[in-house]
Amino acid sequence: MEDKEKKNYYDTAMHQINGDSLCLSAYEYLKNNAEWIGRYEDFLKGKRSLPLLYDPFFKKIFNPVEREDRLSELVSCLLGQKVTVLEVFPNEDSQFLGVMIIMDMVVMMADGSIANIEIQKISYDFPAERISCYSADLVLRQYKMITGKNQAGKHNSSMNGSSKPSYKDMRKVHTIILFEDSNKSLISDMDKALYFHVGKTRFNTGVKIELLQDFVLVSLDTFRKYRYSDIREGCTEITDYDYDSSQYNDELVSEKMKRDRLKFLSLFVAETPQEIDRLIEIFPDLESVRQDINEYLERPGEVLSMFSEALRILDRNTAELMVDRMKDEMETLKAQNEELKSSSEEKDAEIARLKKLLEEQNK
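Residues numbered from 1 in each chain as written. Predicted model: local features only at pLDDT ≥ 70, side-chain atom pairs only at ≥ 80, totals over all residues. Heavy atoms only, no water.

## Structural notes on helix α10 (residues 287–295)
Of all the residues in α10, the buried ones are Val289, Asp292 and Ile293. Looking straight down α10, one finds its buried side chains confined to an arc of 100°; they lie on one side. The elements touched by buried residues of α10 are α3 (34–44), α4 (55–61), α5 (68–79), α8 (255–269) and α9 (273–282). (Buried < 20%, exposed > 50% of the residue type's maximum accessible area, 1.4 Å probe, protein only. Helix = DSSP H or I, 4+ residues; strand = E, 2+ residues; numbered from the N terminus. Arc of directions from axis to C-beta. Contact = heavy atoms within 4.5 Å.)

## Comments concerning the side chain of Ser188
Considering the arrangement of structural elements, one finds Ser188 in the loop between β6 (173–179) and β7 (196–199). Overall, Ser188 belongs to the buried group, its relative accessible area being 17%. Side-chain polar atoms of Ser188 contact the backbone nitrogen of Met190, separated by 3.0 Å. Polar side-chain contacts of Ser188 include one of 3.5 Å to the backbone nitrogen of Asp191. (Polar contact = N/O pair within 3.5 Å; in protein donor to acceptor, adjacent residues only side chain to side chain.)

## Some remarks on the packing of aromatic side chains
Counting across every chain of the model gives 13 aromatic pairs. Centre to centre, the rings of Phe57 and Phe307 are 4.9 Å apart; their planes meet at 70°, and the pair counts as edge-to-face. Here the residue Phe57 occupies a position in helix α4, and Phe307 occupies one in helix α11 (residues 300–361), the gap between them amounting to 250 residues. In this structure, Phe57 and Phe307 share a single accessibility class: buried. Site record: aromatic cluster; members linked through ring pairs are Trp36, Tyr40, Tyr54, Phe57 and Phe307. Sitting over the ring of Tyr243, Lys258 keeps its end group 4.2 Å from the ring centre. Just above the ring of Phe196 sits the side chain of Arg261; from NZ or CZ to the centre is 3.8 Å. (Phe/Tyr/Trp six-rings, centres within 6.5 Å; stacked < 30°, edge-to-face > 60°. Lys NZ or Arg CZ within 6 Å of the ring centre and 35° of its normal.)

Distances and angles like these do not, on their own, reveal function.
So, in structure tokens, the structure goes:
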């Protein structure tokens, strides 16, 4: 896009915003955050692409209705097996042991298995305990769906021939988390350049018991640091960093899936239109993504709403994070206070004992 054309897009967009009170209000809200107003204006000026890893943009580009094939392709390459996304559950809270869990996107595949696709900015705030709760929530969701459908008469019998729901009707649940910022727990001791972490339960005796819960954790910052530049140079041969055959059934994984994985991860870390242009030269089918992104240049009010929504989610999550951290600090201070109180009581008791001993000696 030529500089003059970029300026025309920006001037036209600002004219539309200034002429619409709702858009103007959203624009003023966005101006409260220098980073986000800068991102929005840079997008209109053709300097930055859309931040695809933020919820509103991700769900537009991977829309389960309009872009079901794209979403299925993404999930397939991450799981290493061909899947077709049938349904995306409503973006609502699910309660697990009294804690409200918010899923980014929960999808059901043709075989009945469920995957949760979660995008996290900071891995510190998504510890192993939280990952485990998300996975457990998926198991409970699936079981409730199976029992609910049977009770409603939607299934005449379970998959094992019984008229009652059975545990054998359960399918795999996959927790997929993309991390923009990896902490030390996501840096492999084997090789710091490994970015694709697959977790499955293994037993020490080698018994073949397939449990339901699988995990895929992707360190996007590690991918950007050690792999992305090579891909932009056209080096797309699959390496040991991109695919670990020990974690997959090679009969289910196609070469296209392996290449798609590089394609989508590169798309997620690309920041400018120029980077996306280069990726299209390597992965031509990303052209449809570029077209979807460019369409928003014609709809500045809609994309402004998406930026505002993303900022509201970020503000809310930041506030919740601060509350959680303050609670942790208060618990720590409370424990320290109890420890100091106990120590003080012990010292008082020791002083009283010594004082009594001194009095007895002076008699």
